[in-house]
Amino acid sequence: MNNKSVIKSIIVNQHTKVDEADLKPRKLTVPLDSKKIIVISGVRRCGKTSYLKLIRKKLLENGIPLISTLFISFDDERITLKANDLDLILQSYRELYPDLELNDCFFFFDEIQYIDDWERFVRRLYDSVSKNIFLSGSNSRQLGSEIATSLRGRTLQYELFPLKFSEYLSFKSIPKNYFEDDNKALIINAFYQHLNEGGFPETINKNAEIRQRILSDYFN
């Protein structure tokens with residue numbers, strides 16, 4: 001398949017298989033209608049992809065049609081685009097849904113730092129197509145302080161961290177009322193677990209050996 005066919009397949013599939021149902025809420029709150037490019041950065045595996053999907057879920061709850069959202073994850077091995085190929089995404093979207101007003105659509109680009117020189121495409125998208133753009137990327141590359149320069153004042157930046165303790169309790173389905181006897185021991189045990197092992201979402205509810213291997217892999 002050529003690149004455009006791959007992109008169309010990805011777009012159609014994400015409009016027929018919505019997988020946000022089991023996502024847990026996070027404490028971080030970002031505006032949905034700021035008319036700025038919303039940038040979510042953070043350490044790898046802290047939940048950035050899931051957080052973008054939470055934003056899309058909120059938009060759907062607010063009445064935005066699913067086909068008016070475009071979600072592309074650039075760590076998908078099927079996407080082999082260079083910066084000058086990124087317009088294929090817009091071309092594919094327009095061809096699939098010719099009646100859509102793209103200025104009303106919401107664009108989600110996950111792990112966009114995998115594409116070198118992606119900034120020019122995002123600037124053009126923002127300036128001429130839609131003001132509703134959400135990006136995520138790892139702090140290990142440009143998605144940090146340098147992005148403000150490359151996107152020239154068009155952004156609002158937020159950093160997502162591993163789970164705070166209150167989020168950790170929610171992910172483990174532990175009630176937060178410390179003064180109920182049934183909860184107190186659970187909360188104390190969870191606190192020491194969180195203190196010793198951190199709050200990376202993937203490690204929640206894994207057995208101790210698997211959890212330790214996951215954390216060692218992150219560190220390495």
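So, here's what we can say about the structure. (Residues numbered from 1 in each chain as written. Predicted model: local features only at pLDDT ≥ 70, side-chain atom pairs only at ≥ 80, totals over all residues. Heavy atoms only, no water.)

**A closer look at the overall build of the protein**
And then number 1: Broken down by element type, the protein carries 8 helices and 5 strands.
And then number 2: Going from N to C terminus, the protein has its helices and strands arranged as α-β-α-β-α-β-α-β-α-β-α-α-α.
And then number 3: For the protein, the spread of C-alpha atoms along the three principal axes comes to 60 × 40 × 35 Å.
And then number 4: Here the protein holds 220 residues, and 45% of them are scored as buried.
And then number 5: When the accessible surface of the protein is summed, it comes to about 12000 Å², and 50% of that surface belongs to carbon and sulfur atoms.
And then number 6: Separation between the mean location of the 32 positive side-chain charges and that of the 30 negative ones in the protein comes to 2 Å. (Helix = DSSP H or I, 4+ residues; strand = E, 2+ residues; numbered from the N terminus. Buried < 20%, exposed > 50% of the residue type's maximum accessible area, 1.4 Å probe, protein only. Areas by Shrake-Rupley, 256 points an atom, 1.4 Å probe, with all protein chains shown as cover. Lys, Arg positive; Asp, Glu negative; His and termini not counted. Charge placed at Lys NZ, Arg CZ, Asp CG, Glu CD.)

**A look at the nonpolar core**
What tends to happen in soluble globular proteins is that the nonpolar side chains get buried as a cluster.
And then number 1: Within the largest apolar cluster, 33 residues are counted, with the highest numbers of intra-cluster contacts made by Phe109 and Leu135.
And then number 2: For this core, the secondary structure elements donating two or more residues are helix H1 (3-14), strand E1 (37-42), strand E2 (69-73), helix H3 (87-96), strand E3 (106-110), helix H4 (119-128) and strand E4 (133-138).
And then number 3: Each residue touching Leu135, except ones within four places of it in the same chain, is listed here: Ile37, Ile38, Val39, Ile40, Leu52, Phe109, Ile112, Trp118, Val122 and Leu151. (Core = buried A, V, L, I, M, F, W, Y, C linked by side-chain atoms within 4.5 Å. Contact = heavy atoms within 4.5 Å.)

**Examining the pairing of E3**
And then number 1: The element E3 is largely enclosed, with a buried count of 5 among its 5 residues.
And then number 2: Neither face of E3 is left uncovered, since the one carrying Phe106, Phe108 and Asp110 and the one carrying Phe107 and Phe109 both have all their residues buried.
And then number 3: As paired elements, E2 and E3 share 5 bridges and run parallel to each other. Across the sheet, the residue bridging to Leu70 is Phe107, located in E3.
And then number 4: For the crossover that starts at E2, traverses H3 and ends in the parallel E3, the hand is right-handed.
And then number 5: As defined by bridge partners, E3 adjoins E4 across 3 bridges and the pair is classed as parallel. Bridging from a neighbouring strand, Phe108 pairs with Phe134 of E4.
And then number 6: Read from E3 through H4 to E4, the crossover connection turns out right-handed. (Pairing = 2+ DSSP bridges. Right-handed = clockwise from strand over helix to strand, strands pointing away.)

**Concerning the environment of Ile40**
And then number 1: For Ile40, the position within the fold is in strand E1.
And then number 2: Classification of Ile40 as buried rests on a relative accessible area of 0%.
And then number 3: Separated by 48 residues in sequence, Ile40 and Leu88 place their C-alpha atoms 24 Å apart.
And then number 4: If we ignore the near neighbours within four places in the chain, the residues touching Ile40 are Leu28, Val30, Lys48, Tyr51, Leu52, Leu135, Ser136, Gly137, Tyr158 and Leu160.

**What about a nonpolar patch on the surface?**
And then number 1: On the surface, a cluster of nonpolar side chains totalling about 670 Å² of accessible area is made up of Tyr178, Phe179, Ile188, Phe191, Tyr192 and Leu195.
And then number 2: One can find Tyr178 in the loop between helix H6 (165-171) and helix H7 (181-197). (Patch = residues over 30% accessible without salt bridge, like charges linked within 9 Å, V, L, I, M, F, W, Y side chains within 5 Å. Salt bridge = Lys/Arg side-chain N within 4 Å of Asp/Glu carboxyl O.)

**Quick look at the packing of H1 against H3**
And then number 1: Where H1 meets H3, the axes come as close as 9 Å, and the angle between the chain directions of the two elements is 60°. Here H1 lies oblique to H3, going by the angle between them. Considering how the two elements wind past one another, H1 and H3 form a crossing that is right-handed. Across from Asn3, Lys4, Ile7, Lys8, Ile11 and Val12 in H1, the residues of H3 making contact are Leu88, Ile89, Gln91, Ser92, Tyr93, Glu95 and Leu96.
And then number 2: The class makeup of the residues in the contact of H1 with H3 is 7 nonpolar, 3 polar and 3 charged. (Axes fitted to C-alpha atoms, helices over the stretch in contact; angles between N-to-C directions. Parallel < 35°, antiparallel > 145°, perpendicular 65-115°, else oblique. Left-handed = near helix turned anticlockwise from the far one by under 90°. Nonpolar A, V, L, I, M, F, W, Y, C, P; charged D, E, K, R; others polar.)

**Some points on the sheet that holds E3**
And then number 1: The strand order across the open sheet formed by 5 strands is E2-E3-E4-E1-E5, and the pairing between neighbours is parallel. Only two strands of the sheet have a single partner each, and these edge strands are E2 and strand E5 (155-159). Put simply, the sheet's adjacent strands are angled 15° from each other on average, direction ignored.
And then number 2: Strand contacts of H3: E2 and E3, with the helix running at about 140° to E2, the strand carrying the most contacts.

**Some thoughts on unusual backbone geometry**
And then number 1: We note that Lys35 has phi near 60°; this positive angle belongs to a residue other than glycine.
And then number 2: With respect to the element layout, Lys35 can be found in the loop between H1 and E1.

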